[in-house]
Amino acid sequence: MKEAGAVGRIWTFPELSVLLIFGFYWMPSERQVGHTMLCLTPSGFSEHRRAIRLCQDQFENLEKHTQWGIDFVERYTKFVKERSEIELNYAKQIRNLSKKYQPKKNAKEEEESKYTWCRAFFTSLNELNDYAGQHELIAENMTSQIIAELTRYIQDLKSERKTHFQDGRKAQQHIENSWKQLEQCKRNFERACKEADRAQQYFEKMDADYNVTKADVEKARQQAQLRHQMASDCKSEYSNYLQKFNQEQTEHYHTLIPNIFQKIQDMEERRIERVGESMKTFAEVDRQILPIVGKCLDGMTKAAEGIEPKTDSAQVVESYKSGFEPPGDVEFEDYGQAMKRTVSETSLTNSRSESKPDKSSKGKKLFFFKKNKLSLKLGSNPEDFSHLPPEQRRKKLQAKIDDINKDIQKEMDQRDALAKMKDVYVKNPQMGDPSSVDPRLAEIAQHIDKLQAELQKFEGWLAEVEGRMPTRSESSHRQSAVFETQNSTPPASNSQDRESPDGSYTEEQSSELQPKAPPEPEFDEFEDDMLPTIGTCKALYPFEGHNEGTLALAEGEVLFVIEEDKGDGWTRVRRNEEEEGYVPSSYVEVFLDSNAKGCYLWD
């Protein structure tokens with residue numbers, strides 16, 4: 001009998017199996033009647049059948065529990081696999097995002113790399129790419145350290161579980177077969193005893209009957225002795241097998257089954273421990289990348305802190321400054337002189353009627369202006385960069401000169417190398433023919449001469465630009481000179497010296513400051529169809545106008561505006577009825593007539 005104090009004890013699988021099999025089992029009905037435990041000995045056959053049934057039930061329970069444990073490990077492996085796929089997809093999206101906003105390999109990249117805020121963004125993109133790599137590392141470590149290991153372990157666990165339960169079923173089948181054989185021996189012994197008892201009773205009956213012959217009595221006696229002998233043999237057989245069965249039963253319930261249950265318990269504990277280790281690894285995989293992720297974030301922070309607004313704004317100023325000085329004071333233009341001149345209506349009418357052009361010449365002239373404008377917009381830039389403002393032109397010329405110097409240096413290095421090779425051939429004729437190098441040397445010399453000529457040309461243009469770029473003192477001198485001239489000399493009759501943006505002084509007649517009287521038109525019909533003027537403009541700087549469709553300017557020249565700047569940087573002007581063209585909008589100061597502009601727009 002077990003003591004009631006054993007209730008709070010924690011039983012192992014083998015101990016639990018012994019308790020369940022041999023009857024140390026809690027029965028609620030017995031506790032209600034005051035009994036603590038019921039002890040069932042294995043000597044009774046009904047108790048033995050119950051023990052076998054309980055053992056089978058325990059095997060089924062453990063089989064379900066261990067299968068549920070394996071299913072849990074498989075489910076956890078699937079969870080880690082899905083987490084790994086999420087990390088890979090996240091890393092892929094981060095990499096695609098970083099690649100999408102990476103700078104392209106073109107000139108714009110060089111322009112953007114000058115600014116600190118652009119460089120900070122590019123650095124952040126690189127750090128973000130490294131950040132994505134860490135998430136790929138998470139997926140890789142989870143796959144190798146958790147998923148692969150658990151997949152192999154599940155296969156081993158299933159194999160081990162199958163082996164343990166096969167051993168348990170084999171032991172259970174063996175004890176059941178021994179039990180059946182023991183029952184057969186018991187039934188044989190019981191039957192032999194009953195037959196021996198009946199034979200003994202028959203012998204006694206025959207012996208007590210005086211009417212029976214002595215031979216029949218002897219026969220009955222021999223039959224009884226035979227039955228007794230058979231019963232004795234069955235008893236001996238039953239006794240031997242019972243002893244054997246008890247030994248097997250003891251070994252079965254105290255050794256075999258507890259060992260199998262112990263192995264199953266160890267297997268289950270190893271499974272639980274492996275799950276715990278996998279969960280720990282799951283957290284450690286994330287923890288291992290935290291320092292590198294922190295460095296990536298620190299790199300982004302450092303890049304953001306390296307942004308310098310003042311430096312970037314200075315870069316913008318340096319990139320786009322034109323080198324032009326602010327214009328001087330606006331001069332007074334006396335239009336009263338033109339009003340004093342009288343022209344007879346008859347002579348004007350005659351002159352207009354005598355010079356009417358034909359339709360074909362008018363169409364050709366209009367088509368000429370359209371063609372010039374198209375070629376101006378689509379044509380290539382001039383070699384000397386004269387279409388650019390002075391400062392931008394100077395930078396382009398300096399960059400071109402630097403490139404030419406690099407090419408010259410490269411050719412000179414190649415020439416020196418060939419000269420050394422020729423010297424080696426001269427000293428060692430067996431290594432090569434010295435004359436074979438001469439054609440290449442001559443070609444390089446021609447190329448160097450060509451590059452030097454081109455260099456001299458660009459240096460001349462650069463010197464011209466640098467000579468024209470005014471200083472602050474020159475600008476203030478020009479403004480004061482203009483102011484003094486306006487106050488001292490009438491613009492209609494005096495010629496004055498004025499300074500152009502290149503630093504030189506040009507002498508301008510007063511006629512350039514006043515609108516000239518329109519000359520007699522060459523084609524009256526063309527004049528009627530010409531675009532109306534919408535204002536006037538004054539040239540701030542000289543413009544040579546090499547391109548087709550452009551009009552040359554002299555500093556201070558006054559022209560008529562017939563078409564405003566459409567956003568392409570050019571203004572269409574007219575000098576007289578025959579000279580029209582486009583000039584840079586930045587080179588002129590436009591004075592629009594509001595009424596004429598409105599009429600022009602309406603037309």
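Residues numbered from 1 in each chain as written. Predicted model: local features only at pLDDT ≥ 70, side-chain atom pairs only at ≥ 80, totals over all residues. Heavy atoms only, no water.

S.K.: How would you sum up the sheet that holds strand β6 (residues 580–584)? Please name residues and give values.
M.R.: Read from one edge of the open sheet, five strands run β6-β5-β4-β3-β7, paired in antiparallel fashion. With one partner strand each, in any of the chains shown, β6 and β7 (588–592) form the two edges of the open sheet. Adjacent strand axes in the sheet meet at a mean angle of 40°, parallel and antiparallel pairs treated alike. Pairing of strand β5 (residues 570–574) with β6 involves five bridges; the strand directions are antiparallel. By the bridge assignment for β6, W570 is matched with P584. (Pairing = 2+ DSSP bridges. Helix = DSSP H or I, 4+ residues; strand = E, 2+ residues; numbered from the N terminus. Axes fitted to C-alpha atoms, helices over the stretch in contact; angles between N-to-C directions.)

S.K.: Could you give an account of the nonpolar core, naming the residues involved and the relevant values?
M.R.: If you look at the biggest cluster of nonpolar residues, it comprises 31 residues, and the most contacted ones within it are F59, V80, M142, I146 and I264. With 12 residues, helix α5 (residues 116–208) is the single largest residue contributor to this core. Grouped together as the second largest cluster of nonpolar side chains are 16 residues, F543, L551, V561 and Y587 included. (Core = buried A, V, L, I, M, F, W, Y, C linked by side-chain atoms within 4.5 Å. Buried < 20%, exposed > 50% of the residue type's maximum accessible area, 1.4 Å probe, protein only.)

S.K.: For the side chain of T77, give the residues involved together with the corresponding values.
M.R.: Turning to its location among the elements, T77 is positioned in helix α3 (residues 45–100). Those residues within four positions of T77 in sequence are excluded, and the remaining contacts are I147, L150, T151 and I154. (Contact = heavy atoms within 4.5 Å.)

S.K.: Got a sec to walk through the pattern of salt bridges? Specific residues and values, please.
M.R.: Here the idea is simple: oppositely charged side chains can pair when their charged atoms come close. In total, this model carries 22 salt bridges according to the counting rule given. Where R287 meets E284, a salt bridge forms, and the shortest distance between an N and an O atom there is 3.4 Å. One end of the pair is R287 and the other is E284, both in helix α6 (residues 214–305) and three residues apart, which spans about a single turn. Judged by relative accessible area, E284 falls into the partly exposed class, the value being 29%. Connected through shared salt-bridge partners, E563, R572, R574 and E580 make up one network. (Salt bridge = Lys/Arg side-chain N within 4 Å of Asp/Glu carboxyl O.)

S.K.: Residue-level account of a nonpolar patch on the surface, with values.
M.R.: Together, L97, Y101 and F121 line one region of the surface with nonpolar side chains, adding up to about 290 Å² of accessible area. Along the chain, L97 turns up in helix α3. Looking at L97, the relative accessible area reads 41%, which means it is partly exposed. (Patch = residues over 30% accessible without salt bridge, like charges linked within 9 Å, V, L, I, M, F, W, Y side chains within 5 Å. Areas by Shrake-Rupley, 256 points an atom, 1.4 Å probe, with all protein chains shown as cover.)

S.K.: Which residues make up the packing of helix α7 (residues 309–320) against helix α11 (residues 390–427), and what are the values?
M.R.: Where α7 meets α11, the axes come as close as 8 Å, and the angle between the chain directions of the two elements is 90°. One way to sum up the angle between α7 and α11 is to call them roughly perpendicular. Side by side, α7 and α11 meet where E318, S319 and Y320 of the first sit next to E391, Q392 and K395 of the second. Looking at the contact of α7 with α11, its residues break down into one nonpolar, two polar and three charged. (Parallel < 35°, antiparallel > 145°, perpendicular 65-115°, else oblique. Nonpolar A, V, L, I, M, F, W, Y, C, P; charged D, E, K, R; others polar.)

S.K.: Kindly report on the packing of α5 against α6, identifying the contributing residues and their values.
M.R.: Axis separation between α5 and α6 bottoms out at 7 Å; the angle between their running directions is 170°. By the criterion of interaxial angle, the relationship of α5 to α6 is roughly antiparallel. Classifying every residue of the contact of α5 with α6 gives 48 nonpolar, 21 polar and 21 charged.

Note that all results are geometric; they support no functional claim without further evidence.
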